[in-house]
Protein chains: 2
Amino acid sequence: MHTQFASTATERAVPRGFFASLANESENLGALALPGAVSKKPPGETLFREGDAADGVYEVISGMLRICKLLPDGRRQITGFVPAERLIGISLGGAYSYTAEAITEVMVRFYRRSALDRLMLERPQLTRHLLGAAAQELHMAHELMLMLGCKDALEKVASFLLLMADQQGGEVDAAEIHLPMDRHDIADYVGLTVETVSRTFTRLKRSKVIALRTANCVEIHDWDRLDEMASR
Amino acid sequence: MHTQFASTATERAVPRGFFASLANESENLGALALPGAVSKKPPGETLFREGDAADGVYEVISGMLRICKLLPDGRRQITGFVPAERLIGISLGGAYSYTAEAITEVMVRFYRRSALDRLMLERPQLTRHLLGAAAQELHMAHELMLMLGCKDALEKVASFLLLMADQQGGEVDAAEIHLPMDRHDIADYVGLTVETVSRTFTRLKRSKVIALRTANCVEIHDWDRLDEMASR
DNA sequence: CGTAATCTTGATCTGATTCAAATGTCGTGG
DNA sequence: CCACGACATTTGAATCAGATCAAGATTACG
């Protein structure tokens, strides 16, 4: 009943060379070269909430997560979108400091805290790897802070699009970006309202810098101008 | 000529049990229980700039640093204020991703990257320690992103004051907070203009929640109300 | 198809910025 | 010791970017 077998999951996102030997609901070696339980989360599901006991680290295999912080009255800041191959939940300290939710259907591999703690002593390289992941997360956080604190609506949306572009367009500047998240998520990421995000998309369309195939599929026509607009 | 001997430095901030045996310009064991070169930086001096080769990690012994990100046109986001006992410059990746500058006169201990890399293999605990520092930094970054993206001017300034309070008031709620940074720094931290920050201080004064001894010394009179105002 | 979301557009309002000036603070030299 | 000047902070008035409120338009889905 609960365990469903993947067939749609593999099409969603582009996991790079990870799927070679995936036996879905069993144990497997991931980026950490460690055994970890693989599971599938439907869109909207919460992996963990801010404040929950931080009992492990997740690696995203496919799909995309959003990382959120909430104020008591419900206002939300999305502090990151997590694509395949990234780790989240590194916390050192008893509790997660943010919430993680699936945007698309997501495959994740879970590494138990207890196992990691034990293994970190034996394999220094593992700790190094985690430190690297944390440093990367920190770098992205700094970029986002710069955006939230300094940039105006146009700059924010342009920056967001460029981020999404190089997050998925490891290939060519294929010029066609898929946005798995809805406008509300985008708004809460860049610190604007849905309406302003929408208006800004329209502005970019009118100036021929982008085109919208659908609401979730952006064609970038003028990379240079988009780059200027982002003020990086 | 260049090497000055401390006498004013020790009064500045409150290093907790760190100064027991400090022979200023020589090598010493710090929080990492490692040898590292100690040096003194005058207010305003840059430790390193975003983009510089990241050749090591600094530990603040006394005083306070600011961490900045800049846009090409000069707009600035301060992503953190670094008090004594904290590490900065963990970067894994060849370059620092932010700039670090002294706000007050600062004593720092420097750990060379090469030395750390070597030692991390021998002493797993060291890597763990660095991971812990990174995790803490990340936690603070998340709080700041929430503030920048969601909060209004009053909430931002209230949050800022509470942060400063528990950053230094390890003791009692002594109610007297010293702000080593100027209004411009505060503004660039909370994502407002100097004028708005000043107006907000005035607002807090008028409502008797705080009082200003001087521009850099805040007395907190009503912790509960300040806490509500911060919307945490 | 029709109904409910999501997304877009429009009109108005408001909190924060901008520009400008006054006040306050501190160090320096007369 | 006090006057002066440089700089930081505060205050005021006008403006504006983005939020809010309110409909439409589009899309997804049963």
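In what follows, the structure referred to is the one given above.
In this text, all values refer to a predicted model and were calculated from it rather than measured experimentally.

## A few points about the nonpolar core
Phe160, Leu161 and Leu179 of chain A together with Phe160, Leu161 and Leu179 of chain B are the most contacted members of the largest nonpolar core, which totals 72 residues. Contact partners of Phe160 of chain B, with chain neighbours within four places excluded, come to Phe81, Leu179, Met181, Ile186, Tyr189 and Val190 of chain B. Formed by 28 residues, the second largest nonpolar core is a distinct cluster that contains Leu32, Leu34, Ile90 and Tyr111 of chain A.

## Some remarks on the side chain of Glu59 of chain B
Residue and element names in this part refer to chain B. When you line up the elements, Glu59 lands in strand S4 (residues 56-62). Residue Glu59 is classed as buried on the basis of its relative accessible area of 0%. A distance of 3.3 Å separates a polar side-chain atom of Glu59 from the backbone nitrogen of Ala31.

## Notes on helix H7 (residues 223-230) of chain B
Residue and element names in this part refer to chain B. The complete set of buried residues in H7 reads Leu226, Met229 and Ala230. With its buried residues spanning 100° around the axis, H7 presents them on a single face. Of the exposed residues in H7, those oriented more than 90 degrees away from the buried face are Asp224 and Glu228. If you follow the buried residues of H7, they end up packed against helix H4 (153-168), helix H6 (194-206) and strand S12 (217-220).

## Focus: the protein's contact with DNA strand D
Not every one of the 16 residues close to DNA strand D is listed here, only the nearest: Ala153, Thr196 and Arg199 of chain A together with Arg183 and Thr202 of chain B. Backbone atoms, meaning sugar and phosphate, make up 62% of the atoms of DNA strand D lying within 4 Å of the protein. Contacts to DNA strand D include Arg183 of chain B, whose side-chain N or O atom sits 2.8 Å from a phosphate oxygen. A distance of 2.3 Å separates a phosphate oxygen of DNA strand D from a polar atom in the side chain of Thr202 of chain B. Mapped by element, the contributors of at least two residues to the surface near DNA strand D are helix H6 (194-206) of chain A together with H6 of chain B. For the surface near DNA strand D, the leading source of residues is H6 of chain B, giving four residues. Residues belonging to the surface near DNA strand D are distributed by class as follows: four nonpolar, five polar and seven charged.

## Thoughts on the sheet that holds strand S11 (residues 210-214) of chain B
Residues and elements named next belong to chain B. The antiparallel open sheet is built from three strands, whose spatial order is S10-S12-S11. Either end of the sheet is taken by a strand with one partner, and the two such strands are strand S10 (176-178) and S11. Put simply, the sheet's adjacent strands are angled 25° from each other on average, direction ignored. Summarising the sheet, S10 and S12 pair through three bridges and their orientation is antiparallel. Across the sheet, residue Ile177 finds its bridge partner in S12, namely Val218. Each of S11 and S12 is contacted by H6, which is oriented at about 115° to S11, the strand it contacts most.

## Quick word on the pairing of strand S8 (residues 99-102) of chain B
All names here are of chain B. Of the two faces of S8, the one holding Thr99 and Glu101 and the one holding Ala100 and Ala102 are both buried throughout. In terms of strand pairing, strand S3 (residues 46-48) meets S8 through two bridges, oriented antiparallel. Counted as the bridge partner of Phe48 is Ala100 from S8. One ladder, built from four bridges, connects strand S5 (residues 65-70) with S8; its direction is antiparallel. Each residue of the ladder has a partner; that of Cys68, found in S8, is Thr99.

## So, empty space enclosed by the protein
For the structure shown, the criterion picks out three cavities of 30 Å³ or more. Space inside the largest cavity adds up to approximately 180 Å³. The set of elements that each furnish at least two residues to the lining of the largest cavity consists of helix H3 (124-150) of chain A together with strand S6 (76-82), helix H3 (124-150) and H4 of chain B. The element that contributes the greatest number of residues to the lining of the largest cavity is S6 of chain B, accounting for four residues. Residues of the lining of the largest cavity, tallied by class, amount to 11 nonpolar, four polar and two charged.

## Regarding the relation of the copies chain A and chain B
The transformation that overlays chain A on chain B combines an axial shift of 0.0 Å with a rotation of 180°, and the residual RMSD is 0.0 Å. The operation mapping one copy onto its partner corresponds to a two-fold rotation axis. Take the interface residues of chain A: 100% of them recur as interface residues in chain B, which is what a same-surface contact looks like.

## Details of the protein's contact with DNA strand C
As a matter of local geometry, DNA strand C sits amid 16 residues, with Arg183 and Thr202 of chain A together with Ala153, Thr196 and Arg199 of chain B nearest to it. Protein-adjacent atoms of DNA strand C, using a 4 Å cutoff, are sugar or phosphate at a proportion of 60%. In the environment of DNA strand C, a sugar or linking oxygen lies 3.0 Å from a nitrogen or oxygen atom belonging to the side chain of Ser198 of chain A. Elements with a minimum of two residues in the surface near DNA strand C: H6 of chain A together with H6 of chain B. The element best represented in the surface near DNA strand C is H6 of chain A, accounting for four residues. When its residues are assigned to classes, the surface near DNA strand C shows four nonpolar, five polar and seven charged.

## Some details on the interface of chain A and chain B
Listed as interface residues are 45 residues of chain A and, on the opposing side, 45 residues of chain B. In this assembly, chain A packs against chain B so that about 3900 Å² is buried in total across both faces, 71% of it on carbon and sulfur atoms. The interface formed by chain A and chain B contains six salt bridges. Across the pair Lys69 of chain A and Glu143 of chain B runs a salt bridge whose closest N-O atoms are separated by 2.6 Å. Counting across the chain A and chain B interface gives 10 residue pairs in polar contact (both at pLDDT 80 or more). Those elements giving two or more residues to the side of chain A that touches chain B turn out to be strand S5 (65-70), strand S6 (76-82), helix H2 (113-122) and H3 of chain A. When residues of the side of chain A that touches chain B are assigned to their parent elements, the largest contribution, 21 residues, is made by H3 of chain A.

Parameters and conventions
Residues numbered from 1 in each chain as written. Chains lettered and ligands numbered in written order. Predicted model: local features only at pLDDT ≥ 70, side-chain atom pairs only at ≥ 80, totals over all residues. Heavy atoms only, no water. Core = buried A, V, L, I, M, F, W, Y, C linked by side-chain atoms within 4.5 Å. Buried < 20%, exposed > 50% of the residue type's maximum accessible area, 1.4 Å probe, protein only. Contact = heavy atoms within 4.5 Å. Helix = DSSP H or I, 4+ residues; strand = E, 2+ residues; numbered from the N terminus. Polar contact = N/O pair within 3.5 Å; in protein donor to acceptor, adjacent residues only side chain to side chain. Arc of directions from axis to C-beta. Near = heavy atom within 4 Å. Nonpolar A, V, L, I, M, F, W, Y, C, P; charged D, E, K, R; others polar. Pairing = 2+ DSSP bridges. Axes fitted to C-alpha atoms, helices over the stretch in contact; angles between N-to-C directions. 1 Å grid on protein atoms, 1.4 Å probe; cavity = no way out; pocket = protein on both sides within 12 Å on 5 of 7 lines; lining within 4 Å. Points joined across faces, edges and corners; volume = space filled by probe spheres on them. Least-squares fit on C-alpha atoms with pLDDT ≥ 70 in both. Buried area = accessible area lost by both parts, 1.4 Å probe. Salt bridge = Lys/Arg side-chain N within 4 Å of Asp/Glu carboxyl O.

So, to be careful, I would describe these as geometric facts and stop short of saying anything about function.
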